[in-house]
Amino acid sequence: MLKTTFGQSKTGETISLYSFENAKQMKMVLTDFGAILTQLWVPDKEGNLKDVVLGFDTLAEYEVNPTYFGAIIGRSCNRIENGTFKINDISYQLKKNEGENSLHSGPEGYHLRIWKVIETTDNSITFKLDSPNGDQGYPGQLTLEVTYQLTETGIKITYTGHTDQTTIFNPTNHTYFNLNGHSSGTVLEHKLELKAQKFTPVIDSSSIPTGEIIAVKDTPMDFTTAKKVGVDIDSDYDQLNFTAGYDHNYILDKNIDYFVKMVGDKTNIVMKAATNLAGVQFYTGNFIDKLLGKENKLYQNHEGLCLETQFYPNSINETNFVSPILEKDEIRIYWTTYDFSIE
Ligand code: GLA
C-alpha cells in the first residue's frame with residue numbers, strides 16, 4: 001500500500017490517497033474524502049493498463065462532485081419521495097435536493113464527509129464514518145464501515161452497519177465504469193448482460209417508483225440476453241423518455257453467480273459483478289452533461305455507467321418493496337464484487 005497526500009480539504013484537513021496493486025498489475029486508488037474510488041487500473045487485451053472509472057484529478061473537484069463519482073452514498077442511496085418516511089409511527093423529514101424529493105440523502109451526503117481509516121492491510125482498507133442521531137434527518141447513531149479489498153481478480157466492497165435506534169441503512173457505491181478507459185468516449189457500444197427479469201418502473205421524470213414490479217421481457221429494458229448498452233436507449237418508451245436513458249432499479253434474479261457481465265468493445269475487458277443485495281440501479285450517465293474529469297478529459301453523457309447495488313428506491317415508503325430498515329443493535333453486512341478478465 002502506498003499512501004500519498006491528495007490535498008487540504010476546505011475545512012483544513014489533510015486528505016490522503018491510498019493505492020494498492022495486485023499480481024496482475026491491477027491498481028485501485030482510494031481517498032478518505034467520501035471513501036471514494038478514484039482510480040481502477042485493469043489490463044486490456046494487449047496487457048496495457050486502463051483506468052476504467054470516471055473521476056477527478058483534484059480534491060477540490062471531489063468536494064463538489066455533482067455526479068457522485070466513485071463515492072459511497074449514504075445513509076440511504078437513491079430517492080425518498082418528499083424526503084419523508086415513518087419509522088415506528090414517528091415521521092422524519094430529510095432535506096429535499098431534487099425537486100420535492102431527497103436524492104442520495106440530501107445535500108450533506110456521505111460522499112462529502114471525511115472518513116476515518118481504521119485498518120489497512122496489503123490489499124485492503126477500511127473506512128469508518130460515525131453518523132450521529134439526527135444526521136441528515138435520520139434517527140439513530142449509525143456506524144458505517146466500508147472495506148475496499150483488491151482481490152486477485154478485482155475489487156470487493158463490504159458495508160457493515162450498526163445503529164443504536166431503528167433507522168434506514170441503504171448504502172451504495174456510485175462508481176461510473178467505462179471498460180474502454182475513462183477517457184475513451186461513450187459506453188454505448190459495451191455489451192451488457194443483466195440477470196434481472198424484472199425492474200421497478202417510475203412515475204415520471206422525478207424517478208419515484210410507481211411501486212410496481214414488472215417484467216423487462218419485450219421492452220427495451222431487457223438485458224437478460226447480452227446486447228449493446230446503446231442499442232435500445234433511444235427507443236420511444238415512456239420509462240426511457242422519463243430518465244433520458246437507463247436510470248432504473250433492476251431486481252436481480254435469484255441464485256445467480258453474477259448479476260452483470262459487461263464487455264468493453266475496444267479493450268475486451270470483461271467485468272462481472274455479484275452482490276448480496278436485491279437490487280441494482282442501472283444508470284447510463286444521462287446527466288453528466290460536460291464535466292471536466294481526470295487528465296483534463298471533458299466527460300459527456302453516457303461516457304460511464306453505474307451499477308449501484310441497493311435496496312429499491314423509496315423502499316421505506318413502499319410496502320411492496322423489501323424494507324431497508326436496520327434494527328437497533330443489529331449488525332448488517334452488504335457486499336458487492338466487481339471482477340475483471342479478458343474475452
Ligand atoms: C443516481 C440517480 C441518477 C442521478 C445519479 C447522480 O444514479 O439514479 O438519476 O441522479 O445518481 O447524478
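Okay, so let's go over this structure.

About the cut-offs
Residues numbered from 1 in each chain as written. Predicted model: local features only at pLDDT ≥ 70, side-chain atom pairs only at ≥ 80, totals over all residues. Heavy atoms only, no water. Helix = DSSP H or I, 4+ residues; strand = E, 2+ residues; numbered from the N terminus. Buried < 20%, exposed > 50% of the residue type's maximum accessible area, 1.4 Å probe, protein only. Contact = heavy atoms within 4.5 Å. Areas by Shrake-Rupley, 256 points an atom, 1.4 Å probe, with all protein chains shown as cover. Lys, Arg positive; Asp, Glu negative; His and termini not counted. Charge placed at Lys NZ, Arg CZ, Asp CG, Glu CD. Salt bridge = Lys/Arg side-chain N within 4 Å of Asp/Glu carboxyl O. Near = heavy atom within 4 Å. Polar contact = N/O pair within 3.5 Å; in protein donor to acceptor, adjacent residues only side chain to side chain. 1 Å grid on protein atoms, 1.4 Å probe; cavity = no way out; pocket = protein on both sides within 12 Å on 5 of 7 lines; lining within 4 Å. Sits in = over half its atoms within 2 Å of the grid points. Nonpolar A, V, L, I, M, F, W, Y, C, P; charged D, E, K, R; others polar. Points joined across faces, edges and corners; volume = space filled by probe spheres on them. Pairing = 2+ DSSP bridges.

**Remarks on the overall build of the protein**
Working step 1: Helix and strand content of the protein: two helices and 30 strands.
Working step 2: Summarising its shape, the C-alpha atoms of the protein cover approximately 60 × 50 × 40 Å along the three principal directions.
Working step 3: The buried share among the 343 residues of the protein stands at 57%.
Working step 4: When contacts within the protein are restricted to residue pairs at least 6 apart in sequence, those whose partners lie at least 24 apart make up 65%.
Working step 5: As displayed, the protein has an accessible area near 13,700 Å², and 47% of this comes from carbon and sulfur atoms.
Working step 6: Side chains of the protein give 30 positive and 45 negative charges; the mean places of these two sets differ by 2 Å.

**A few points about the pattern of salt bridges**
Working step 1: One pass over the structure, following the stated rule, counts twelve salt bridges.
Working step 2: Residues Lys228 and Glu189 are paired through a salt bridge, measuring 3.0 Å at the closest nitrogen-oxygen approach. Taken as a pair, Lys228 in strand E21 (residues 227-228) and Glu189 in the loop between strand E17 (176-177) and strand E18 (191-194) lie far apart in primary sequence, 39 residues in all.
Working step 3: With relative accessibility at 42%, the residue Glu189 sits in the partly exposed group.
Working step 4: The salt bridge involving Lys227 is made with Asp232; its shortest N-O contact spans 2.7 Å.

**Section: the site of the ligand**
Working step 1: Around the ligand, the structure places Tyr68, Arg79, Leu103, His104, His174, Tyr176, Asp247, Gln281, Tyr283, Phe287 and Glu308.
Working step 2: His174 has a polar side-chain atom sitting 2.8 Å from an oxygen atom of the ligand.
Working step 3: In this structure, an oxygen atom belonging to the ligand sits 2.4 Å away from a side-chain N or O atom of Asp247.
Working step 4: Contact with the protein chains removes 95% of the 300 Å² of surface that the ligand exposes when unbound.
Working step 5: The site holding the ligand turns out to be the largest pocket.
Working step 6: Split into classes, the residues belonging to the shell around the ligand amount to five nonpolar, three polar and three charged.

**What about the environment of Glu63?**
Working step 1: For Glu63, the position within the fold is in the loop between helix H1 (59-62) and strand E6 (72-73).
Working step 2: Here Glu63 falls in the buried class, since its relative accessible area comes to 12%.
Working step 3: Expressed as a C-alpha distance, the spacing of Glu63 and Lys10, which sit 53 residues apart in the sequence, is 8.1 Å.
Working step 4: Aside from chain neighbours lying at most four places away, what touches Glu63 is Ser9, Lys10, Phe33 and Leu112.

**Observations regarding the layout of surface pockets**
Working step 1: By volume, the largest pocket is sized at about 210 Å³.
Working step 2: Lining the largest pocket are 15 residues, with Tyr68, Arg79, Leu103, Tyr283 and Phe287 positioned closest to its centre.
Working step 3: Along the lines of polarity and charge, the residues of the lining of the largest pocket split into six nonpolar, five polar and four charged.
Working step 4: Looking at side-chain class alone, the lining of the second largest pocket contains eight nonpolar, three polar and three charged residues.

**Considerations on the pairing of strand E1 (residues 2-8)**
Working step 1: Across six bridges, E1 lies against strand E2 (residues 14-21) in antiparallel orientation. Each residue of the ladder has a partner; that of Lys3, found in E2, is Tyr18.
Working step 2: The antiparallel pairing of E1 with E2 creates a hairpin that spans five residues between the two strands, and Gly12 there sits at a positive phi of about 85 degrees.

**Some remarks on the sheet that holds E21**
Working step 1: Pairing is antiparallel across the open sheet formed by nine strands, whose spatial order is E11-E12-E13-E14-E30-E24-E23-E18-E21. Edge positions in the sheet fall to strand E11 (116-120) and E21, since each has one partner strand and no second.
Working step 2: Two elements, strand E12 (residues 124-131) and strand E13 (residues 142-150), share eight bridges in a ladder whose sense is antiparallel. Following the sheet pairing, Ser131 is matched in E13 by Leu142.

**Thoughts on the side chain of His182**
Working step 1: Among the structural elements, His182 can be located in the loop between E17 and E18.
Working step 2: Judged by relative accessible area, His182 falls into the buried class, the value being 3%.
Working step 3: One polar contact links His182 to Glu295, side chain to side chain, over a distance of 2.6 Å.
Working step 4: Those residues in contact with His182 that lie beyond four places of it in its chain are Asp51, Val53, Leu54, Lys294, Glu295, Lys297 and Tyr299.

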